[in-house]
Amino acid sequence: MTRRGEQTGGHSARQIQLINTLLEEEAPLPLKQATDQLFTLLAAYAGLEEPVHRDNLKLPTGTAIGPYWAAMCLKDFLRTQRFMSGIYRAVSDARKKNPGEQIHILYAGTGPFATLVLPIMARFSAKEIAVTLLDVHAANLVMLEKVLDALGFQDRVKAFIQADAATYQLTDSSKVHIAIAETMQHALEREPQAAISLNLAPQLAADTVWIPQNIRIKAALMNMQKDRDRQFGLLPEGETSYRILGRVLDLNAHTAREMAVRIAENHPALEECRLDIPAEQAKTFPWLALFTHIQIYGSYALHAWDSALCAPRLLAHFPDLPSLPQQVNFTYRMGVTPGFDFSLH
Ligand SMILES: C[S@@+](CC[C@H](N)C(=O)[O-])C[C@H]1O[C@@H](n2cnc3c(N)ncnc32)[C@H](O)[C@@H]1O
(Lines give C-alpha, C1' and ligand atoms only; values in the text may rest on other atoms or scores of the structure.)
Protein backbone atom coordinates (compact mmCIF):
# COMPACT_ATOMS: atom_id res chain seq x y z
CA MET A 1 0.00 0.00 0.00
CA THR A 2 1.22 3.51 -0.73
CA ARG A 3 1.69 5.69 2.33
CA ARG A 4 1.60 9.47 2.48
CA GLY A 5 5.35 9.51 3.06
CA GLU A 6 5.83 8.07 -0.43
CA GLN A 7 3.92 10.86 -2.12
CA THR A 8 5.48 13.47 -4.33
CA GLY A 9 3.77 16.87 -4.51
CA GLY A 10 0.79 15.42 -2.61
CA HIS A 11 -0.07 12.74 -5.22
CA SER A 12 1.19 9.22 -4.88
CA ALA A 13 2.93 7.90 -7.98
CA ARG A 14 0.79 4.75 -7.81
CA GLN A 15 -2.39 6.81 -7.70
CA ILE A 16 -1.40 8.84 -10.78
CA GLN A 17 -0.46 5.66 -12.65
CA LEU A 18 -3.86 4.11 -11.85
CA ILE A 19 -5.72 7.24 -12.88
CA ASN A 20 -3.84 7.34 -16.17
CA THR A 21 -4.79 3.72 -16.78
CA LEU A 22 -8.42 4.57 -16.06
CA LEU A 23 -8.41 7.46 -18.52
CA GLU A 24 -6.39 5.89 -21.29
CA GLU A 25 -6.96 2.14 -21.22
CA GLU A 26 -9.78 0.49 -23.19
CA ALA A 27 -9.07 -3.21 -22.64
CA PRO A 28 -11.25 -4.79 -19.89
CA LEU A 29 -8.54 -6.69 -17.96
CA PRO A 30 -6.15 -3.80 -17.23
CA LEU A 31 -9.16 -1.60 -16.50
CA LYS A 32 -10.55 -4.11 -14.02
CA GLN A 33 -7.15 -4.49 -12.36
CA ALA A 34 -6.73 -0.71 -12.10
CA THR A 35 -10.18 -0.19 -10.53
CA ASP A 36 -9.62 -3.06 -8.08
CA GLN A 37 -6.26 -1.63 -7.01
CA LEU A 38 -7.63 1.89 -6.75
CA PHE A 39 -10.47 0.58 -4.57
CA THR A 40 -8.04 -1.06 -2.13
CA LEU A 41 -5.94 2.08 -1.93
CA LEU A 42 -8.85 4.47 -1.44
CA ALA A 43 -10.65 2.18 1.05
CA ALA A 44 -7.51 2.22 3.20
CA TYR A 45 -7.25 6.03 3.04
CA ALA A 46 -10.98 6.34 3.87
CA GLY A 47 -11.09 3.76 6.66
CA LEU A 48 -13.96 2.10 4.77
CA GLU A 49 -15.19 -1.06 6.50
CA GLU A 50 -17.79 -3.28 4.95
CA PRO A 51 -19.95 -4.15 7.99
CA VAL A 52 -19.86 -0.59 9.36
CA HIS A 53 -20.65 1.23 6.12
CA ARG A 54 -23.29 -0.94 4.49
CA ASP A 55 -26.53 0.73 5.57
CA ASN A 56 -28.73 2.30 2.92
CA LEU A 57 -30.71 5.45 3.66
CA LYS A 58 -34.40 5.52 2.66
CA LEU A 59 -35.16 9.04 1.43
CA PRO A 60 -38.59 10.33 0.37
CA THR A 61 -37.29 10.28 -3.22
CA GLY A 62 -35.46 6.94 -3.27
CA THR A 63 -32.65 4.97 -1.67
CA ALA A 64 -29.22 6.48 -1.05
CA ILE A 65 -27.12 3.30 -1.08
CA GLY A 66 -24.72 2.80 1.85
CA PRO A 67 -21.14 4.14 1.63
CA TYR A 68 -19.66 0.68 1.08
CA TRP A 69 -21.92 0.03 -1.93
CA ALA A 70 -21.30 3.53 -3.28
CA ALA A 71 -17.54 2.90 -3.06
CA MET A 72 -18.01 -0.45 -4.82
CA CYS A 73 -19.45 1.36 -7.88
CA LEU A 74 -15.79 2.12 -8.73
CA LYS A 75 -15.43 -1.56 -9.67
CA ASP A 76 -18.09 -1.29 -12.41
CA PHE A 77 -15.02 -0.53 -14.50
CA LEU A 78 -16.42 0.44 -17.91
CA ARG A 79 -18.91 2.74 -16.20
CA THR A 80 -16.12 4.31 -14.16
CA GLN A 81 -13.80 4.68 -17.14
CA ARG A 82 -16.41 6.25 -19.44
CA PHE A 83 -17.69 8.67 -16.77
CA MET A 84 -14.14 9.70 -15.80
CA SER A 85 -13.14 10.21 -19.44
CA GLY A 86 -16.35 12.09 -20.28
CA ILE A 87 -15.91 14.38 -17.28
CA TYR A 88 -12.26 14.98 -18.16
CA ARG A 89 -13.33 15.97 -21.70
CA ALA A 90 -16.13 18.18 -20.36
CA VAL A 91 -13.68 20.08 -18.13
CA SER A 92 -11.18 20.43 -21.00
CA ASP A 93 -13.96 21.81 -23.24
CA ALA A 94 -15.21 24.16 -20.51
CA ARG A 95 -11.68 25.53 -20.10
CA LYS A 96 -11.47 26.24 -23.84
CA LYS A 97 -14.90 27.89 -23.81
CA ASN A 98 -14.14 30.00 -20.71
CA PRO A 99 -10.46 30.95 -20.97
CA GLY A 100 -8.89 32.11 -17.72
CA GLU A 101 -11.94 31.08 -15.65
CA GLN A 102 -11.77 28.59 -12.81
CA ILE A 103 -14.16 25.77 -13.78
CA HIS A 104 -16.69 25.07 -11.03
CA ILE A 105 -18.04 21.51 -10.83
CA LEU A 106 -20.97 20.49 -8.66
CA TYR A 107 -20.89 16.76 -7.85
CA ALA A 108 -24.07 15.41 -6.25
CA GLY A 109 -23.78 11.93 -4.71
CA THR A 110 -20.02 11.56 -4.29
CA GLY A 111 -19.84 8.36 -2.24
CA PRO A 112 -16.77 8.14 0.06
CA PHE A 113 -14.23 8.55 -2.80
CA ALA A 114 -15.68 11.22 -5.16
CA THR A 115 -14.64 8.58 -7.68
CA LEU A 116 -15.72 10.27 -10.87
CA VAL A 117 -13.80 13.52 -10.29
CA LEU A 118 -10.49 12.03 -9.09
CA PRO A 119 -8.85 12.25 -12.54
CA ILE A 120 -9.72 15.92 -13.01
CA MET A 121 -8.44 16.62 -9.49
CA ALA A 122 -5.19 14.86 -10.44
CA ARG A 123 -4.80 16.66 -13.77
CA PHE A 124 -6.04 20.18 -13.03
CA SER A 125 -4.75 22.57 -10.38
CA ALA A 126 -6.78 24.45 -7.76
CA LYS A 127 -6.47 27.52 -9.99
CA GLU A 128 -8.11 25.64 -12.84
CA ILE A 129 -10.95 23.78 -11.09
CA ALA A 130 -13.05 23.97 -7.92
CA VAL A 131 -15.39 21.14 -6.96
CA THR A 132 -18.44 21.30 -4.69
CA LEU A 133 -18.97 17.84 -3.19
CA LEU A 134 -22.41 16.87 -1.93
CA ASP A 135 -23.70 13.64 -0.39
CA VAL A 136 -26.52 12.77 1.97
CA HIS A 137 -24.54 10.22 4.05
CA ALA A 138 -22.53 12.05 6.75
CA ALA A 139 -20.03 9.15 6.82
CA ASN A 140 -19.21 9.74 3.13
CA LEU A 141 -18.16 13.32 3.80
CA VAL A 142 -15.93 12.22 6.69
CA MET A 143 -14.24 9.55 4.56
CA LEU A 144 -14.00 11.84 1.54
CA GLU A 145 -12.04 14.44 3.52
CA LYS A 146 -9.55 11.73 4.54
CA VAL A 147 -9.20 10.47 0.97
CA LEU A 148 -8.69 13.91 -0.57
CA ASP A 149 -6.30 14.86 2.20
CA ALA A 150 -4.22 11.74 1.58
CA LEU A 151 -4.16 12.44 -2.16
CA GLY A 152 -3.34 16.13 -1.71
CA PHE A 153 -6.53 17.20 -3.54
CA GLN A 154 -8.15 19.22 -0.72
CA ASP A 155 -7.30 22.54 -2.39
CA ARG A 156 -9.54 21.66 -5.38
CA VAL A 157 -12.57 21.48 -3.06
CA LYS A 158 -14.88 24.50 -2.96
CA ALA A 159 -17.25 23.01 -0.37
CA PHE A 160 -18.25 19.76 1.33
CA ILE A 161 -22.03 19.68 1.73
CA GLN A 162 -24.05 17.07 3.56
CA ALA A 163 -27.56 17.36 2.15
CA ASP A 164 -30.31 15.64 0.21
CA ALA A 165 -29.65 16.69 -3.39
CA ALA A 166 -33.31 16.09 -4.25
CA THR A 167 -34.36 19.05 -2.06
CA TYR A 168 -31.14 21.05 -1.61
CA GLN A 169 -31.31 24.73 -2.57
CA LEU A 170 -28.03 26.09 -3.93
CA THR A 171 -26.87 28.99 -1.80
CA ASP A 172 -23.58 29.67 -3.57
CA SER A 173 -24.35 32.07 -6.42
CA SER A 174 -21.09 31.38 -8.29
CA LYS A 175 -21.54 29.90 -11.75
CA VAL A 176 -21.66 26.11 -12.01
CA HIS A 177 -20.00 25.11 -15.30
CA ILE A 178 -20.58 21.36 -14.92
CA ALA A 179 -23.02 19.41 -12.71
CA ILE A 180 -22.57 15.68 -12.18
CA ALA A 181 -24.91 13.09 -10.65
CA GLU A 182 -24.65 9.33 -10.89
CA THR A 183 -27.18 8.12 -8.36
CA MET A 184 -29.00 5.64 -10.54
CA GLN A 185 -29.72 1.99 -11.21
CA HIS A 186 -30.95 0.46 -14.43
CA ALA A 187 -34.30 1.75 -15.70
CA LEU A 188 -34.00 4.67 -13.26
CA GLU A 189 -35.39 2.55 -10.45
CA ARG A 190 -34.82 2.67 -6.69
CA GLU A 191 -32.22 5.50 -6.52
CA PRO A 192 -33.15 9.19 -6.77
CA GLN A 193 -31.40 10.23 -10.05
CA ALA A 194 -34.64 11.65 -11.48
CA ALA A 195 -35.59 13.52 -8.29
CA ILE A 196 -32.08 15.00 -8.02
CA SER A 197 -32.18 16.11 -11.67
CA LEU A 198 -35.63 17.66 -11.23
CA ASN A 199 -34.41 19.60 -8.19
CA LEU A 200 -31.00 20.75 -9.41
CA ALA A 201 -31.46 21.35 -13.16
CA PRO A 202 -33.99 24.21 -12.71
CA GLN A 203 -31.55 25.92 -10.30
CA LEU A 204 -28.67 25.85 -12.78
CA ALA A 205 -27.98 28.13 -15.73
CA ALA A 206 -29.15 26.97 -19.17
CA ASP A 207 -25.52 26.57 -20.29
CA THR A 208 -24.42 24.44 -17.30
CA VAL A 209 -23.26 21.09 -18.68
CA TRP A 210 -25.28 18.34 -16.99
CA ILE A 211 -23.58 14.94 -16.73
CA PRO A 212 -24.92 12.52 -17.86
CA GLN A 213 -26.10 14.72 -20.74
CA ASN A 214 -28.95 12.31 -21.44
CA ILE A 215 -30.36 9.08 -20.00
CA ARG A 216 -32.61 7.36 -22.53
CA ILE A 217 -35.01 4.62 -21.48
CA LYS A 218 -36.38 2.46 -24.30
CA ALA A 219 -38.88 -0.38 -24.19
CA ALA A 220 -37.82 -3.55 -25.97
CA LEU A 221 -38.82 -7.15 -26.57
CA MET A 222 -36.19 -9.78 -25.78
CA ASN A 223 -35.46 -13.40 -26.59
CA MET A 224 -33.46 -14.83 -23.68
CA GLN A 225 -32.12 -17.83 -25.61
CA LYS A 226 -30.71 -15.49 -28.26
CA ASP A 227 -29.38 -13.32 -25.44
CA ARG A 228 -27.49 -16.25 -23.94
CA ASP A 229 -26.06 -16.88 -27.42
CA ARG A 230 -25.00 -13.21 -27.56
CA GLN A 231 -23.27 -13.59 -24.19
CA PHE A 232 -21.21 -16.52 -25.48
CA GLY A 233 -20.51 -14.86 -28.85
CA LEU A 234 -22.73 -17.40 -30.64
CA LEU A 235 -25.29 -15.02 -32.13
CA PRO A 236 -24.87 -14.87 -35.93
CA GLU A 237 -23.44 -11.63 -37.32
CA GLY A 238 -26.12 -8.93 -37.77
CA GLU A 239 -28.65 -10.64 -35.44
CA THR A 240 -29.75 -9.17 -32.12
CA SER A 241 -31.43 -10.68 -29.09
CA TYR A 242 -33.97 -7.84 -28.87
CA ARG A 243 -36.34 -5.58 -30.81
CA ILE A 244 -36.79 -1.97 -29.72
CA LEU A 245 -40.44 -0.91 -29.32
CA GLY A 246 -39.72 2.78 -28.79
CA ARG A 247 -38.50 5.52 -26.49
CA VAL A 248 -40.11 5.84 -23.06
CA LEU A 249 -38.13 8.71 -21.52
CA ASP A 250 -35.20 11.04 -22.11
CA LEU A 251 -33.88 12.44 -18.82
CA ASN A 252 -31.67 15.48 -19.35
CA ALA A 253 -31.42 19.04 -18.02
CA HIS A 254 -34.15 20.23 -20.39
CA THR A 255 -36.69 17.44 -19.69
CA ALA A 256 -35.87 17.60 -15.96
CA ARG A 257 -36.97 21.27 -15.98
CA GLU A 258 -40.16 20.33 -17.86
CA MET A 259 -40.89 17.44 -15.47
CA ALA A 260 -40.34 19.74 -12.45
CA VAL A 261 -42.95 22.14 -13.89
CA ARG A 262 -45.40 19.25 -14.46
CA ILE A 263 -45.03 18.14 -10.83
CA ALA A 264 -45.43 21.72 -9.54
CA GLU A 265 -48.72 21.81 -11.51
CA ASN A 266 -49.83 18.51 -9.90
CA HIS A 267 -49.39 16.40 -13.04
CA PRO A 268 -47.45 13.11 -13.07
CA ALA A 269 -43.74 13.66 -13.86
CA LEU A 270 -44.10 11.88 -17.18
CA GLU A 271 -47.02 11.94 -19.58
CA GLU A 272 -48.18 8.35 -20.13
CA CYS A 273 -46.16 6.71 -22.91
CA ARG A 274 -48.02 4.20 -25.13
CA LEU A 275 -46.23 1.77 -27.41
CA ASP A 276 -47.59 -0.87 -29.77
CA ILE A 277 -46.39 -4.46 -29.47
CA PRO A 278 -46.22 -6.10 -32.93
CA ALA A 279 -47.74 -9.62 -32.61
CA GLU A 280 -45.13 -11.36 -34.78
CA GLN A 281 -42.24 -9.89 -32.74
CA ALA A 282 -43.95 -10.73 -29.44
CA LYS A 283 -43.98 -14.43 -30.42
CA THR A 284 -40.24 -14.58 -31.18
CA PHE A 285 -39.15 -12.07 -28.51
CA PRO A 286 -41.51 -12.94 -25.62
CA TRP A 287 -40.02 -10.79 -22.83
CA LEU A 288 -40.85 -7.11 -22.26
CA ALA A 289 -37.82 -5.16 -21.00
CA LEU A 290 -36.53 -1.64 -20.42
CA PHE A 291 -33.16 -0.66 -21.87
CA THR A 292 -31.04 2.15 -20.41
CA HIS A 293 -28.64 4.14 -22.58
CA ILE A 294 -26.46 6.76 -20.90
CA GLN A 295 -24.92 9.53 -22.98
CA ILE A 296 -22.36 10.77 -20.47
CA TYR A 297 -20.74 13.60 -22.44
CA GLY A 298 -20.27 13.95 -26.19
CA SER A 299 -19.38 10.54 -27.59
CA TYR A 300 -18.71 8.99 -24.14
CA ALA A 301 -21.66 6.68 -23.54
CA LEU A 302 -22.80 3.42 -21.94
CA HIS A 303 -25.08 1.01 -23.79
CA ALA A 304 -26.92 -2.17 -22.79
CA TRP A 305 -24.53 -4.70 -21.15
CA ASP A 306 -21.65 -2.18 -20.74
CA SER A 307 -22.45 -1.68 -17.05
CA ALA A 308 -24.86 -2.76 -14.31
CA LEU A 309 -26.53 0.62 -14.88
CA CYS A 310 -27.55 -0.42 -18.39
CA ALA A 311 -28.50 -4.06 -17.87
CA PRO A 312 -31.91 -4.71 -19.48
CA ARG A 313 -34.64 -4.65 -16.82
CA LEU A 314 -37.05 -7.54 -17.50
CA LEU A 315 -40.69 -6.65 -16.85
CA ALA A 316 -43.01 -9.37 -18.19
CA HIS A 317 -43.00 -12.76 -19.91
CA PHE A 318 -45.85 -12.93 -22.42
CA PRO A 319 -46.41 -16.74 -22.33
CA ASP A 320 -47.32 -16.33 -18.62
CA LEU A 321 -50.19 -13.97 -19.52
CA PRO A 322 -53.72 -15.07 -20.54
CA SER A 323 -53.28 -13.49 -24.00
CA LEU A 324 -50.65 -11.77 -26.08
CA PRO A 325 -50.69 -8.00 -25.32
CA GLN A 326 -50.95 -5.52 -28.19
CA GLN A 327 -49.91 -2.39 -26.35
CA VAL A 328 -47.90 -1.30 -23.30
CA ASN A 329 -48.38 1.94 -21.33
CA PHE A 330 -45.65 3.40 -19.12
CA THR A 331 -45.67 6.05 -16.40
CA TYR A 332 -42.80 7.08 -14.10
CA ARG A 333 -43.34 6.78 -10.36
CA MET A 334 -41.53 9.34 -8.18
CA GLY A 335 -41.26 8.77 -4.40
CA VAL A 336 -39.67 6.31 -1.98
CA THR A 337 -39.30 3.57 -4.63
CA PRO A 338 -38.95 5.34 -7.96
CA GLY A 339 -39.29 3.39 -11.18
CA PHE A 340 -41.56 2.71 -14.14
CA ASP A 341 -45.11 1.43 -13.79
CA PHE A 342 -46.56 -0.34 -16.82
CA SER A 343 -49.81 -1.87 -17.95
CA LEU A 344 -50.34 -4.31 -20.83
CA HIS A 345 -53.43 -4.21 -23.06
C1 LIG B 1 -24.52 4.97 -6.86
S2 LIG B 1 -23.54 5.82 -5.68
C3 LIG B 1 -22.33 6.51 -6.75
C4 LIG B 1 -21.10 7.03 -6.11
C5 LIG B 1 -20.17 7.80 -7.05
N6 LIG B 1 -20.86 8.96 -7.60
C7 LIG B 1 -19.72 6.95 -8.20
O8 LIG B 1 -20.21 7.19 -9.30
O9 LIG B 1 -18.89 6.06 -8.04
C10 LIG B 1 -24.65 7.17 -5.32
C11 LIG B 1 -24.20 8.13 -4.24
O12 LIG B 1 -25.18 9.17 -4.20
C13 LIG B 1 -25.54 9.45 -2.86
N14 LIG B 1 -26.93 9.91 -2.89
C15 LIG B 1 -28.01 9.20 -3.25
N16 LIG B 1 -29.11 9.95 -3.15
C17 LIG B 1 -28.71 11.16 -2.72
C18 LIG B 1 -29.39 12.37 -2.44
N19 LIG B 1 -30.71 12.47 -2.57
N20 LIG B 1 -28.67 13.43 -2.04
C21 LIG B 1 -27.31 13.34 -1.90
N22 LIG B 1 -26.62 12.22 -2.16
C23 LIG B 1 -27.31 11.15 -2.56
C24 LIG B 1 -25.37 8.15 -2.13
O25 LIG B 1 -25.17 8.39 -0.74
C26 LIG B 1 -24.14 7.57 -2.84
O27 LIG B 1 -22.98 8.01 -2.21
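Thresholds applied
Residues numbered from 1 in each chain as written. Predicted model: local features only at pLDDT ≥ 70, side-chain atom pairs only at ≥ 80, totals over all residues. Heavy atoms only, no water. Phe/Tyr/Trp six-rings, centres within 6.5 Å; stacked < 30°, edge-to-face > 60°. Helix = DSSP H or I, 4+ residues; strand = E, 2+ residues; numbered from the N terminus. Buried < 20%, exposed > 50% of the residue type's maximum accessible area, 1.4 Å probe, protein only. Lys NZ or Arg CZ within 6 Å of the ring centre and 35° of its normal. Near = heavy atom within 4 Å. Polar contact = N/O pair within 3.5 Å; in protein donor to acceptor, adjacent residues only side chain to side chain. Areas by Shrake-Rupley, 256 points an atom, 1.4 Å probe, with all protein chains shown as cover. Nonpolar A, V, L, I, M, F, W, Y, C, P; charged D, E, K, R; others polar. Pairing = 2+ DSSP bridges. Axes fitted to C-alpha atoms, helices over the stretch in contact; angles between N-to-C directions. Disulfide = S-S within 2.5 Å. Core = buried A, V, L, I, M, F, W, Y, C linked by side-chain atoms within 4.5 Å. Domains from an automatic or database assignment. Contact = heavy atoms within 4.5 Å.

Enquirer: Mind showing me how you'd approach the packing of aromatic side chains here?
Expert: We describe a pair of aromatic rings using the distance from one ring centre to the other and the angle between the two ring planes. Applying the stated criterion to the full structure yields 10 aromatic pairs. With 4.9 Å between their ring centres and 55° between their planes, Y242 and F291 make a pair best called tilted. With Y242 in strand β9 (residues 242-251) and F291 in strand β11 (residues 287-297), this residue pair connects regions lying 49 residues apart in the sequence. Residue classification places Y242 among the partly exposed residues on the basis of a relative accessible area of 23%. Ring geometry for Y332 and F340: centres 4.8 Å apart, planes at 65°, overall edge-to-face. Here Y332 and F340 have matching classes, each one buried. Among the aromatic side chains, those forming a connected cluster through ring pairs are F39, Y68, W69 and F113. The ring of F39 has K75 sitting right over it, with the charged end atom 4.7 Å from the ring centre. Its end group placed over the ring of Y88, R123 keeps NZ or CZ at 5.2 Å from the ring centre.

Enquirer: Could you clarify how one ought to interpret the site of the ligand in this entry?
Expert: Around the ligand there are 26 residues in total, and R79, Y107, G109, D135 and A165 lie nearest to it. One of the backbone N or O atoms of V136 is found 3.3 Å from a nitrogen atom in the ligand. Bound to the protein, the ligand loses 100% of the 590 Å² it would expose on its own. For the shell around the ligand, a count of residues per class yields 14 nonpolar, seven polar and five charged.

Enquirer: What am I meant to see in the sheet that holds strand β14 (residues 327-333) here?
Expert: Neighbouring strands of a sheet are bound in pairs by backbone hydrogen bonds; such pairs are parallel or else antiparallel. On the basis of which strands lie adjacent, the open sheet formed by three strands has the order β10-β14-β15 and antiparallel pairing. The open sheet is flanked by β10 (273-276) and β15 (339-344), the only strands paired with a single partner. Pairwise comparison of adjacent strand axes, ignoring direction, gives a mean angle of 25° for this sheet. Pairing analysis gives four bridges linking β10 to β14, with the strands arranged antiparallel. In the strand pairing of β14, L275 is matched with V328.

Enquirer: Can you help me understand helix α7 (residues 193-200) in this one?
Expert: Helical periodicity: at 3.6 residues per turn, an α-helix aligns residues three or four positions apart in one direction. Counting buried residues along α7, eight of its eight residues qualify, which places the element largely inside the surrounding structure. For α7, the full list of buried residues reads Q193, A194, A195, I196, S197, L198, N199 and L200.

Enquirer: Sorry if this is basic, but what is going on with the state of the cysteines here?
Expert: Two cysteines, two sulfur atoms, one covalent bond between them: this is a disulfide. Inspection of every chain in the model, using the stated rule, returns zero disulfides. Lacking any disulfide linkage, C73 is separated from the closest cysteine sulfur, that of C310, by 13 Å. Just so you know, C273 is unpaired, no disulfide at all, and the nearest cysteine sulfur is the one on C310, 19 Å from it. On the basis of relative accessibility, which here comes to 10%, the residue C273 falls in the buried class.

Enquirer: Would you mind going over unusual backbone geometry with me for this structure?
Expert: Generally, phi is negative for residues other than glycine and the peptide bonds are trans, each holding for most cases. A cis amide bond links I211 with the next residue in sequence, P212, at an omega value of 5°. In this structure, A187 is a non-glycine residue whose phi angle is positive, near 60°. Inspection of the secondary structure puts A187 in the loop between β6 (178-181) and α7.

Enquirer: I would appreciate a short explanation of the nonpolar core in the present structure.
Expert: In summary, soluble globular proteins display a tendency toward joint burial of nonpolar side chains. Ranked by internal contacts, the top residues of the largest apolar core, which has 104 residues, are F113, L133 and F330. Of the domains in this structure, domain 1 (4-183) and domain 2 (216-249 + 267-344) are the two that each give at least three residues to this core. In this structure, F113 is in contact with F39, L42, A43, A46, L48, A71, L74, L118, L144 and V147, ignoring residues within four places of it in sequence. Of all hydrophobic cores here, the second largest spans five residues; its members include A220, M222, A289 and F291.

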